[in-house]
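As a plain string of letters, each chain reads:
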Amino acid sequence: MNRNDVTEKIIDTKVNQGLKWEDIAKAVGLSKEWVTAGCLGQMTFNAAQAATLAGIFSLTEEETRWLQVVPYKGSLPTAVPTDPLIYRWYEIVSVYGSTIKELIHEEFGDGIMSAIDFSMDIQREPHANGDRVQVLLSGKFLPYKSS
């Protein structure tokens, strides 16, 4: 048994029961983005959150403990992603990454945007030419120390 086995069971149960990430997240009391990342093996749940998920996905005690283990983060199997949707994000960073970096540095100075003190919101945006995907990423700015 390992974390990947638990992730596969979660996905299998979600599909077979017709569950939605948003409903699962409401039961846990966290955002759908964070809960989805956790259920896919990228975040750590506390005991109460893991217990809620155990009820939803019929997890054993051992499987529930795996939800509380700090995972090895980074879920892509290859350096360049092959899934078309994920590849487009890779393309966005490849094309606009230097622009994003330049504009952040101009506004904040030399530093990084945290992916730890971070939030994400994904919404459908109706549009006459076809619905759009709206993604809001918000991370704390962490300046480099000069000492």
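Our subject is the structure listed above.
Conventions used here
Residues numbered from 1 in each chain as written. Predicted model: local features only at pLDDT ≥ 70, side-chain atom pairs only at ≥ 80, totals over all residues. Heavy atoms only, no water. Helix = DSSP H or I, 4+ residues; strand = E, 2+ residues; numbered from the N terminus. Contact = heavy atoms within 4.5 Å. Areas by Shrake-Rupley, 256 points an atom, 1.4 Å probe, with all protein chains shown as cover. Axes fitted to C-alpha atoms, helices over the stretch in contact; angles between N-to-C directions. Parallel < 35°, antiparallel > 145°, perpendicular 65-115°, else oblique. Nonpolar A, V, L, I, M, F, W, Y, C, P; charged D, E, K, R; others polar. Buried < 20%, exposed > 50% of the residue type's maximum accessible area, 1.4 Å probe, protein only. Phe/Tyr/Trp six-rings, centres within 6.5 Å; stacked < 30°, edge-to-face > 60°. Expected span 1.5 Å × (residues − 1). Arc of directions from axis to C-beta. Polar contact = N/O pair within 3.5 Å; in protein donor to acceptor, adjacent residues only side chain to side chain.

Draft legend 1. Quick look at the overall build of the protein. Across its full length, the protein carries six helices and two strands. For the protein, the sequential pattern of α-helices and β-strands runs α-α-α-α-α-α-β-β. Along the three orthogonal principal directions, the C-alpha set of the protein runs to about 50 × 50 × 30 Å. A fraction of 53% describes how many contacts in the protein between residues 6 or more apart in sequence connect residues 24 or more apart. When the accessible surface of the protein is totalled, it reaches about 10600 Å², and 56% of it is carbon and sulfur.

Draft legend 2. Up close: the packing of helix α2 (residues 21-28) against helix α3 (residues 32-39). Packing of α2 against α3 leaves a shortest axis separation of 8 Å and a crossing angle of 95°. Viewed along their axes, α2 and α3 adopt a mutual orientation that is roughly perpendicular. Across from W21, E22, I24, A25 and V28 in α2, the residues of α3 making contact are K32, V35, T36 and C39. Classifying every residue of the contact of α2 with α3 by side-chain character gives six nonpolar, one polar and two charged.

Draft legend 3. How the structure looks around the side chain of E63. For E63, the position within the fold is in helix α5 (residues 61-66). Looking at E63, the relative accessible area reads 7%, which means it is buried. If we skip the residues at most four places from it in the chain, E63 touches M1, V6, K9 and S58.

Draft legend 4. Representation of the packing of aromatic side chains. On inspection of all chains with the given rule, the structure shows three aromatic pairs. Taking the centre distance of 5.4 Å and the plane angle of 85° together, the rings of W34 and F45 count as edge-to-face. One end of the pair, W34, is in helix α3; the other, F45, is in the loop between α3 and α4 (47-57), with eleven residues separating them in the sequence. Considering the side-chain rings of Y87 and Y90, the 5.9 Å spacing of their centres and the 40° angle between planes classify their relative orientation as tilted. Within this pair, Y87 and its partner Y90 are both found in helix α6 (residues 84-108), separated by three residues, close to a single helical turn.

Draft legend 5. Inspection of helix α1 (residues 3-17) at higher detail. Taking 1.5 Å as the rise per residue, α1 with 15 residues should run 21 Å; its terminal C-alpha atoms sit 21 Å apart, in good agreement. Among all positions in α1, only R3, V6, T7, I10, T13 and K14 are buried. Buried residues of α1, viewed axially, fall in a sector of 130°; they line one side. Turned more than 90 degrees from where α1 packs its buried face, N4, E8, V15 and N16 sit exposed. Where α1 begins, one side-chain oxygen reaches toward the backbone nitrogen of N4, 2.8 Å away; that side chain belongs to N2. Where α1 ends, the next residue or the one after it, G18, has phi of about 65°, a positive value.

Draft legend 6. Spotlight on unusual backbone geometry. Its identity as a non-glycine residue notwithstanding, S58 has a phi of 55°, on the positive side. With respect to the helices, strands and loops of the structure, S58 is situated in the loop between α4 and α5.

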